[in-house]
Amino acid sequence: MTLVSGWGRFPVVDTDLVRPRSFPAVGEAFAGASGVARGNGRAYGDAGIGLARTVDMTAFDRVRSFDPDTGRIRLEAGMLLSDIIDTFGPRGFLPFVVPGTRFVTVGGAIAADVHGKNHHCEGGFGRYVDGILLRTGQGETIELSRDENADVFRATVGGMGLTGVILEATMRLRRVETGWIRERVIPAANLRDAVTALDGGDSSTYSVAWIDCVATGENLGRSLIYLGEHARADELPADAAPFSRGRDPRLSVPVDLPSLTLNRYSVRAFNELYYRMGARRAGGSHLVSIFPYFFPLDGVGAWNRIYGRRGFLQHQCVIPQTGAREVLGEILERIARRGDASFLAVLKKLGEGDGLMSFPLPGYTLALDFPMTPSILPFLDELDRLVVAAGGRLYLAKDARQSRATFEAGYPALQRFNGIRRSLDPDGKIRSRLSQRLLDEVRP
Amino acid sequence: MTTRKIALVLGASSDIGRATARAFARAGWDIQLAGRDVAALEPDVADLRARYAVDVGVHRFDVLDTASFASFVAGLAALPDAVISIVGLLGVQDTAQSDLGHAATIMRSNYEGPALILGLFAEKFLARGSGTIVGVSSVAGDRGRASNYVYGSAKAGFSAFLSGLRARASRGGVQIVTVKPGFVRTRMTEGMKLIGPLTVEASVAGDAILDAVQRRRDVVYVSEKWRLVMLIIKLLPEAVFKKLRF
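Residues numbered from 1 in each chain as written. Chains lettered and ligands numbered in written order. Predicted model: local features only at pLDDT ≥ 70, side-chain atom pairs only at ≥ 80, totals over all residues. Heavy atoms only, no water.

Draft legend 1. How the structure looks around the overall build of chain A. When you go through chain A residue by residue, the secondary structure sums to 13 helices and 20 strands. At 21 Å, chain A has a C-alpha radius of gyration in line with the 22 Å of a compact globule built from 444 residues. Overall size of chain A, expressed as C-alpha extent along the three principal axes, is 60 × 55 × 45 Å. A buried classification covers 60% of the 444 residues belonging to chain A. When contacts within chain A are restricted to residue pairs at least 6 apart in sequence, those whose partners lie at least 24 apart make up 75%. Entry remark: accessible area of chain A is about 17,500 Å², with carbon and sulfur atoms responsible for 53%. The averaged location of the 51 negative side-chain charges in chain A is 4 Å from the averaged location of its 55 positive side-chain charges. (Helix = DSSP H or I, 4+ residues; strand = E, 2+ residues; numbered from the N terminus. Rg over C-alpha atoms; globule rule 2.2 N^0.38 Å. Buried < 20%, exposed > 50% of the residue type's maximum accessible area, 1.4 Å probe, protein only. Contact = heavy atoms within 4.5 Å. Areas by Shrake-Rupley, 256 points an atom, 1.4 Å probe, with all protein chains shown as cover. Lys, Arg positive; Asp, Glu negative; His and termini not counted. Charge placed at Lys NZ, Arg CZ, Asp CG, Glu CD.)

Structure follows, in structure tokens:
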């Protein structure tokens, strides 16, 4: 048995961790035990931990085929997005959708239907997936697409790995001329300005706001908004390499830092500096490499250790467009009042979700990190009540603690999803800690 | 007719083999993969072609079947520019202590087979006046330890063979590289207790092998920390060393 956790390092669970190297071995991994597939372990909570057995899929990292004329690629689901970017970026292709870290597997990205800074106009990861090879709990291997087993396809995109093991996928890559982004930074003095700036950025391919959660009063919601477009080759200076390979993190957090390192004073000082530096860059546009633009935290290896041994929780909700500003303001105010401010707070506009259980809905998503302490749990329950009242929901890939009631209120397709699971997996072989906590039918 | 250089990878289905083939293909080499199970290598052939748009071939090669080596070399469509042997077998030390057959298999897989096939390529390369030979040996060959001396002694023999071959071949324009990986997270080390800071991913080992060839190095520790660790282990007096159980 092995102690396993998600990226947030809470909860830590004893599980039978196996790493198969062939598809038959994936089947054997589910013999005699219920479990779930795990990608690179970047889900924050308990989504990638099996009930009894956890099946590490990272050995499956081969490309099956690639068509350089269309950008269509077939690959094994354990391949990392960083590998796709390093391999196909220099050939002029990138994934259409990338989340905030490139160290996730394709299988994980499909299972969580991850979104990027372009969700408001281009949709989520699943929108660019055209085929999935799925191994069900019954041991059948079936091909899914929008035409073939369409209901299972829609349940698998965003289905948190609970319809079966994603073995392979066919997806489309985006043709790009360079590995650079033309970025524009807009400072926003408060939440109203931030929301207005994000709404104004609807036509930008990429947009995201970084919120200073320590700012209070009339500065509440003070943000920097980052808009971006892929840079064309003719926009680069003559001496710039069109594509540089992503470097491994130069800095790494080697040990768990004492929990005191992050306190309201250090975070306040950091945020003040961060806002001022960003505001100075405001105005015209400039070029940044895709790596710091899309993956600012990938530059620091194992950054999850800065929260110490107890780990941390991320609370990521989406609030429907109508009335979102008031609810977001209320959430930010409570966080500022509480004081153990989030190190990171990201505000982003989302569009329609693609999968049955996909997180996105048209509105704003707010993501906040909190160090794990006993008092944080009731506090987050209060935030959940605001989210539910506003018709919003929480992101399962980040979640480690929401209640069944919160979950059921946010995901109205749950009954249909569980019906599909039952038909694919009558014996309940595919189960994760997350499914046990939130989805599985409780048997007497 | 391609003008790209050709790298032949022996033991290509291992994790370091896959990583090495990718590193060379990324650098623009055509790749020939060789291993016992050709069917199992087909997905790797497709992977390399799709990723790097290079020419890739596959050959059956069994390191224990030394009688087949001459025909294996003769059967290659072209003599490669570099041959990289990643073949090896850790085995089970406890078993090898009493099971002579298992001990012999470990010795033959890590010394006899790799030395003979690379020796054969060395003659061809010397006749041509160019070529690079990479032997993946082990830090375990630097000093025999209680926990793995059957494996370690075979690797020591392989390292000595490469050392002598290098001294002879360097005058003939042929480069011989000895690679000592240290701890690498692979199928071979799965379940072993590895020391985090001394452990690297297979992709790091693959990149290090390519780098050693490009920079014409002689003896490479994949992580330089191992050079120091092994220096200390080699310097321990036997009276102290024999009391250690690692």
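Draft legend 2. Seen up close, a nonpolar patch on the surface. On the surface, Leu228, Leu231, Ile232 and Leu235 of chain B cluster together into a nonpolar patch covering about 410 Å² of accessible area. Looking at the element boundaries, isoleucine 232 of chain B is found in helix H8 (residues 225–235). (Patch = residues over 30% accessible without salt bridge, like charges linked within 9 Å, V, L, I, M, F, W, Y side chains within 5 Å. Salt bridge = Lys/Arg side-chain N within 4 Å of Asp/Glu carboxyl O.)

Draft legend 3. Highlighting the interface of chain B and chain A. Facing 17 residues of chain B, the contacting portion of chain A comprises 15 residues. Taken over both partners, the interface formed by chain B and chain A buries close to 1,200 Å², and the fraction arising from carbon and sulfur atoms is 37%. When the buried surface of chain B facing chain A is broken down by residue, Arg18, Ala50 and Arg51 of chain B rank first, second and third, together holding 41% of it. As a salt-bridge pair, aspartate 15 of chain B and arginine 21 of chain A come within 2.9 Å of each other at their nearest N and O atoms. If you look at where chain B meets chain A, you find twelve residue pairs in polar contact (both at pLDDT 80 or more). Looking at the side of chain B that touches chain A, the elements with two or more residues in it are helix H1 (15–26) and helix H2 (38–52) of chain B. Take the side of chain B that touches chain A: its biggest share by element is eight residues, from H2 of chain B. Partitioning the side of chain B that touches chain A into residue classes produces six nonpolar, one polar and ten charged. (Buried area = accessible area lost by both parts, 1.4 Å probe. Polar contact = N/O pair within 3.5 Å; in protein donor to acceptor, adjacent residues only side chain to side chain. Nonpolar A, V, L, I, M, F, W, Y, C, P; charged D, E, K, R; others polar.)

Draft legend 4. Focus on the domain arrangement of chain A. Residues and elements named next belong to chain A. Segmenting chain A into domains produces domain 1 (2–57 + 416–438), domain 2 (63–175) and domain 3 (180–403). For domain 2 and domain 3, the distance between their C-alpha centres works out to 24 Å. Taken together, both faces of the contact between domain 2 and domain 3 bury some 2,900 Å²; the carbon and sulfur share is 59%. Inspection of the region where domain 2 meets domain 3 yields two salt bridges. (Domains from an automatic or database assignment.)

Draft legend 5. The arrangement of helix H7 (residues 202–214) of chain B in detail. Over its 13 residues, H7 of chain B extends 19 Å from the first C-alpha to the last, a length consistent with the 18 Å expected when each residue adds 1.5 Å. Phi turns positive one or two residues past the end of H7 of chain B, at arginine 216 of chain B, with a value near 50°. (Expected span 1.5 Å × (residues − 1).)

Draft legend 6. The arrangement of unusual backbone geometry in detail. Residues and elements named next belong to chain A. The peptide bond linking phenylalanine 10 to proline 11 adopts the cis configuration, its omega dihedral lying at -5°. Among the secondary structure elements, proline 11 is positioned in the loop between strand E1 (2–5) and strand E2 (12–18). Phi at asparagine 149 takes a positive value of approximately 50°, unusual for a residue other than glycine. Within the secondary structure, asparagine 149 sits in the loop between strand E9 (141–144) and helix H5 (150–156). For asparagine 149, a relative accessible area of 34% puts it in the partly exposed group. Positive phi is not limited to glycine here, since methionine 160 has a value of about 55°.

Draft legend 7. Structural detail: the pattern of salt bridges. Residues and elements named next belong to chain A. Scanning all chains against the criterion turns up 46 salt bridges over all chains. A salt bridge links glutamate 76 to arginine 62, with the nearest nitrogen and oxygen atoms 3.3 Å apart. With glutamate 76 in strand E6 (residues 72–76) and arginine 62 in the loop between strand E4 (53–56) and strand E5 (63–67), this pair connects stretches of sequence that are 14 residues apart. For glutamate 76, a relative accessible area of 1% gives the class buried. Taking the relative accessible area as the measure of exposure, arginine 62 reaches 9% and is therefore buried. Between aspartate 440 and arginine 421 there is a salt bridge, with its nearest N and O atoms 3.0 Å apart. A residue pair is termed long-range when its members are at least 10 positions apart, and aspartate 440 in the segment after helix H13 (433–438) and arginine 421 in helix H12 (residues 414–424) qualify at 19 residues.

Draft legend 8. Structural context of the packing of helix H2 (residues 81–88) of chain A against H2 of chain B. Relative to each other, H2 of chain A and H2 of chain B sit at 55°, their axes nearing to 9 Å. One way to sum up the angle between H2 of chain A and H2 of chain B is to call them oblique. Along its contact with H2 of chain A, which presents Asp83, Thr87 and Phe88 of chain A, the element H2 of chain B presents Ala50, Arg51 and Tyr52 of chain B. When its residues are assigned to classes, the contact of H2 of chain A with H2 of chain B shows three nonpolar, one polar and two charged. (Axes fitted to C-alpha atoms, helices over the stretch in contact; angles between N-to-C directions. Parallel < 35°, antiparallel > 145°, perpendicular 65-115°, else oblique.)

Draft legend 9. Just the environment of phenylalanine 312 of chain A, in detail. Residue and element names in this part refer to chain A. Summarising the element assignment, phenylalanine 312 is placed in strand E17 (residues 312–320). For phenylalanine 312, a relative accessible area of 1% gives the class buried. Along the primary structure phenylalanine 312 and arginine 9 are separated by 303 residues, whereas in three dimensions their C-alpha atoms are 6.7 Å apart. Look past the residues within four positions of phenylalanine 312 in its chain and what remains in contact with it is Trp7, Gly8, Phe10, Tyr44, Trp303, Asn304, Tyr307, Asp369, Phe370, Pro371 and Met372.

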